[in-house]
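Each chain, letter by letter, is given below.
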Amino acid sequence: MSTEPPAVTTSPGADTETSSRPTEDLRKQVYDSPKEKAVKYALGACALISVLTTLGIAAVLVVESIPFFQSVSLGEFFGDTRWTPQFSEKHFGIWALLSGTVLVTVISAVVALPIGLASAIFVSEYAPSLLRKTLKPALELLAGVPTVVYGYFALTFVTPLLQSFIPGLGVYNALSAGIVVGIMIIPMVASLSEDALQAVPDSLGQAARALGATKLESVLRVNVPAAFSGIMASFILAVSRAIGETMIVTLAAGATPKMTLDPRESIQTMTAFIVQVSKGDTPQGTIEYNSLFAVGLVLFLITLSLNILANRITRRYQEQY
């Protein structure tokens, strides 16, 4: 008669618990180590600095704008169409600066958005691999050109070129400034849109072509709509960059604040006015000096609104693949 050792029965969850315990212990040792905690706190401090910097800028603009709005009512600020803070007869109608800013921004958007998107489509969908590796860095090099160089390029080359076939075009005008600002923001549109198109799976385009669509049809009707959130975000961020551009409009657009939609005339944008007042000729504490912060606050709110809109569009229409 043979005797067998009694069978040991274990619950099914015991092995799982035993095997997962070393993994949990190892993960706890890694993430709770002093080095990981130091990295975590350092990265958190960097994020906190960026947030505090933004809040500090907003606080300074609001605090410094209070004396201005104590002297100038909101009705005059948003109701008057003349901006002459440095004249004997002072007017503080922000629309004169807003119209110049909008005019330059619209012209730059007309130049940059279609060209940037077309460049992104070519680089992403049509360019061979070797050409793609050359074109994208070349496009991004344009973003490294100093804006003062773009400003002199607009003043000394683009404006004389436009004057040869546009009658009545002044030396300082919104058209050449808007065109060159558009050239400056093309790399932003092209780079961000190309990244969005690259994130679209190749299977979508291949499925469209398998159903009989041409390459162009699959790109325009499948890939571009699939990358819509990223493309729209690039558009809005580029427009925000155009609104905040300073040196190009200061050198090429002039310093004549007027409410006009004629791109041939000299205008002044909000950023150009800030540069004008910041030169040091305006005494601190005066209403002319305080108007700088009021204009800066309006510019900050416009740019902040566009960035919030870009984030909402990205979240609303983002596709997960």
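Everything quoted here is computed from the prediction, not taken from an experiment. (Residues numbered from 1 in each chain as written. Predicted model: local features only at pLDDT ≥ 70, side-chain atom pairs only at ≥ 80, totals over all residues. Heavy atoms only, no water.)

Engineer: Go over the nonpolar core, please, and point to the residues and values.
Structural biologist: Counting residues in hydrophobic clusters, the biggest one holds 68 residues, and the most contacted among them are Phe77 and Trp83. Here this core gets twelve residues from one element, more than from any other, and that element is helix α4 (residues 95-126). Those residues within four positions of Phe77 in sequence are excluded, and the remaining contacts are Phe68, Phe69, Val72, Trp83, Phe92, Gly93, Ile94, Ala294 and Val298. (Core = buried A, V, L, I, M, F, W, Y, C linked by side-chain atoms within 4.5 Å. Buried < 20%, exposed > 50% of the residue type's maximum accessible area, 1.4 Å probe, protein only. Helix = DSSP H or I, 4+ residues; strand = E, 2+ residues; numbered from the N terminus. Contact = heavy atoms within 4.5 Å.)

Engineer: Could you give an account of the side chain of Ser218, with specific residues and numbers?
Structural biologist: Inspection of the secondary structure assignment puts Ser218 in helix α9 (residues 215-226). One polar contact links Ser218 to Arg209, side chain to side chain, over a distance of 3.3 Å. Not counting the four nearest positions on each side in its chain, Ser218 is found in contact with Gly205, Ala208, Arg209, Ala213 and Asn223. (Polar contact = N/O pair within 3.5 Å; in protein donor to acceptor, adjacent residues only side chain to side chain.)

Engineer: Got a sec to walk through empty space enclosed by the protein? Specific residues and values, please.
Structural biologist: Tallied over the full model, the rule gives two cavities of 30 Å³ or more. Computed from the structure, the largest cavity encloses a volume of approximately 40 Å³. Lining the largest cavity are Ser119, Ala120, Val123, Lys136, Leu139, Ala190, Ser191 and Glu194. Breaking the lining of the largest cavity down by element, the ones donating at least two residues are α4, α5 (129-141) and α7 (174-198). Considered class by class, the residues forming the lining of the largest cavity number four nonpolar, two polar and two charged. The computed volume of the second largest cavity comes to approximately 30 Å³. Thr101, Val104, Thr105, Ala242, Ile243, Glu245, Val249, Thr269 and Thr271 are the residues that line the second largest cavity. At the level of secondary structure, the elements contributing two or more residues to the lining of the second largest cavity comprise α4 and α10 (228-243). Among the elements that take part in the lining of the second largest cavity, α4 stands out by supplying three residues, more than any other. When the residues that make up the lining of the second largest cavity are grouped by side-chain class, the tally is four nonpolar, four polar and one charged. (1 Å grid on protein atoms, 1.4 Å probe; cavity = no way out; pocket = protein on both sides within 12 Å on 5 of 7 lines; lining within 4 Å. Points joined across faces, edges and corners; volume = space filled by probe spheres on them. Nonpolar A, V, L, I, M, F, W, Y, C, P; charged D, E, K, R; others polar.)

Engineer: Explain the packing of aromatic side chains residue by residue, including any values.
Structural biologist: The geometry of an aromatic ring pair is captured by two quantities: the separation of the ring centres and the angle between the planes. Enumeration over the complete set of coordinates arrives at ten aromatic pairs. With a centroid separation of 5.0 Å and 85 degrees between ring planes, the pair formed by Phe77 and Phe78 is classed as edge-to-face. Phe77 gets classed as buried once you look at its relative accessible area, which sits at 0%. In textbook terms, an aromatic cluster arises when at least three aromatic residues are bridged by ring pairs, as seen for Phe68, Phe69, Phe77, Phe78, Trp83, Phe92 and Phe273. Here Lys215 stacks its cationic end above the ring of Tyr126, 5.5 Å away from the centre of that ring. (Phe/Tyr/Trp six-rings, centres within 6.5 Å; stacked < 30°, edge-to-face > 60°. Lys NZ or Arg CZ within 6 Å of the ring centre and 35° of its normal.)

These figures come from the coordinates and say nothing about function on their own.
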